[in-house]
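Observations on the three-dimensional arrangement
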Amino acid sequence: MRNAHRPIDLIGQTDMIRVRSLSELTGCDIWLKLESQNPGGSIKDRAALQMIQDALASGELEPGMTVVEGTAGNTGIGLAIVARSLGLNMLAVMPNDQSPEKERMISLHGAQLKTVDPVPFRDDNHFYHTARKLAESRDDYWWANQFENTSNARAHYLTTGPEIWQQTNGAVDIFVSVAGTGGTIAGNSMYLKERNPDVQVWLTDPDGSGIYSFLKQGEYVANGGSFTEGIGIMRLVENFKQARVDAAVNLPDQDLLALSRYVRDQDAIVLGSSSALNLAGALQAAALHGPGKTIVTFACDLGERSASKLYNKDYLKSRGLNLDLKPISEMLARYRDSGERVWYKPS
Ligand code: PMP
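Computed from a prediction, not measured in an experiment: that's the story for all the values here.

With that out of the way, let us pick up the site of the ligand. The full set close to the ligand counts 14 residues, and Lys-44, Gly-180, Thr-181, Thr-184 and Ser-274 are the nearest of them. Measuring from an oxygen atom of the ligand, one finds a side-chain N or O atom of Thr-181 at 2.6 Å. In the complex, the protein chains occlude 97% of the 390 Å² of accessible area that the ligand would expose alone. When the residues that make up the shell around the ligand are grouped by side-chain class, the tally is four nonpolar, eight polar and two charged.

A few words now on the pattern of salt bridges. Within the structure shown, the criterion is met by 16 salt bridges. When the shortest N-O distance is used, the salt bridge between Glu-229 and Lys-309 registers 2.6 Å. Taken together, the positions of Glu-229 in the loop between helix H8 (211-217) and helix H9 (238-241) and Lys-309 in the loop between strand E10 (294-299) and helix H12 (313-318) put the pair 80 residues apart, joining distant regions of the chain. Take Glu-229 and Lys-309: they sit in the same class, and that class is buried. A cluster of three or more residues bridged by salt bridges with shared partners is formed by Lys-33, Glu-35, Arg-46 and Glu-163.

With that settled, the discussion passes to the sheet that holds strand E7 (residues 174-177). Read from one edge of the open sheet, seven strands run E1-E2-E10-E7-E8-E9-E11, paired in mixed fashion. For this open sheet the edge positions go to strand E1 (16-18) and strand E11 (342-344), each flanked by a neighbour on one side alone. The sheet shows a mean angle of 25° between the axes of neighbouring strands, direction not considered. As defined by bridge partners, strand E8 (residues 200-206) adjoins strand E9 (residues 247-251) across five bridges and the pair is classed as parallel. Residue pairing for E9: Pro-206 is matched across the bridge by Leu-251. Against the sheet, helix H7 (residues 183-195) engages E7, E8 and E10, with an angle of about 170° to E7.

The sites that UniProt annotates as "domain: Tryptophan synthase beta chain-like PALP" (unreviewed entry) are residues 10-301. Taken end to end, residues 10-301 has its terminal C-alpha atoms 15 Å apart, with 43% of it in helix and 17% in strand.

A few words now on the packing of aromatic side chains. Under the defined criterion, the tally for this structure stands at seven aromatic pairs. With a centroid separation of 5.2 Å and an interplanar angle of 70°, the aromatic rings of Tyr-128 and Trp-143 are classed as edge-to-face. Here Tyr-128 is found in helix H5 (residues 127-136), whereas its partner Trp-143 is found in strand E6 (residues 141-143), with 15 residues between them in sequence. The interplanar angle of 70° and the centroid separation of 5.8 Å between the aromatic rings of Tyr-128 and Phe-147 together place this pair among those described as edge-to-face. In this pair, Tyr-128 sits in helix H5 while Phe-147 sits in the loop between E6 and helix H6 (151-167), placing the two residues 19 residues apart along the sequence. Across the pair, Phe-147 and Tyr-128 agree in class, each one buried. Cluster of aromatic residues (ring-pair linked, three or more members): Phe-121, Tyr-128, Trp-143 and Phe-147.

Conventions adopted
Residues numbered from 1 in each chain as written. Predicted model: local features only at pLDDT ≥ 70, side-chain atom pairs only at ≥ 80, totals over all residues. Heavy atoms only, no water. Near = heavy atom within 4 Å. Polar contact = N/O pair within 3.5 Å; in protein donor to acceptor, adjacent residues only side chain to side chain. Areas by Shrake-Rupley, 256 points an atom, 1.4 Å probe, with all protein chains shown as cover. Nonpolar A, V, L, I, M, F, W, Y, C, P; charged D, E, K, R; others polar. Salt bridge = Lys/Arg side-chain N within 4 Å of Asp/Glu carboxyl O. Helix = DSSP H or I, 4+ residues; strand = E, 2+ residues; numbered from the N terminus. Buried < 20%, exposed > 50% of the residue type's maximum accessible area, 1.4 Å probe, protein only. Pairing = 2+ DSSP bridges. Axes fitted to C-alpha atoms, helices over the stretch in contact; angles between N-to-C directions. Contact = heavy atoms within 4.5 Å. UniProt positions renumbered as here; feature names shortened; annotations may be inferred. Phe/Tyr/Trp six-rings, centres within 6.5 Å; stacked < 30°, edge-to-face > 60°.

Encoded structure:
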């Protein structure tokens, strides 16, 4: 328990919960670190705090100024809280196909919100370029730039990684993470490998993202799409560059759907979509490397933020997903046969 004076003093120091059902099924200890406990409900609070603190310390950001950021939502929520706490304003630019739950939260925190049509990165109207151009338009605007600003990864090197090390008493064998900017996987992998070079770092990537293909064959190629938000990317950014990845797997939305319902029913945990992908990645790693491993991954945000997509039958049907779910044992059997699906870093 902590007694704080500002919400930002409660960022980090999140609890972990052992996912009993999947741990028993695989003979591994599969832990979820509950980043949903952060004041803004997601792991991005950590990056938001570090980016703003570092910019204030360097003098490029000063009280009274406005923080501008292009975001799938969670970073915007985190920045809104940090900005307000430190005497700054916040302007978030979001693509309009993200869940309304996140748009609403940014506005509830009193931040300005600008939504733009979702377009490919090469289009000048992409949310990233829109935020950059807005920030350049005024001297009192400051662009957080979570993709290239490595204070993002530093947040995890300084806080999340050490917490995982402490919470597992140094026993973590496998660390599993999705990547959006790559800040999470970079900072944690750097810290954990510094403590123990044998810790295995797994990246788990949704359909529609090119990270898996980039690791495997050196170029960003993507197939299909995903209902996940804020993760997956089609270009190499500074934060991801720092990641030290040993293995990667690309997993389909159908698996995330099945796993989210299984964990809800067996463990009373409602996962957000990127957290479902994290746990699917943990199951994949456990299937190939268990039993007996300690595996850590994240509940990246509140499950409620995925209510309108992952937990909405009409939406799922419109994406062609099958609501008649197969038993998890079938998924585990498929995961035990890694075949070509899993990439391992050449030794
Ligand atoms: N999960 C969720 C729900 C997110 O919003 C994000 C970031 N947008 C991530 C995971 C990925 O985190 P990172 O940017 O550190 O790679």
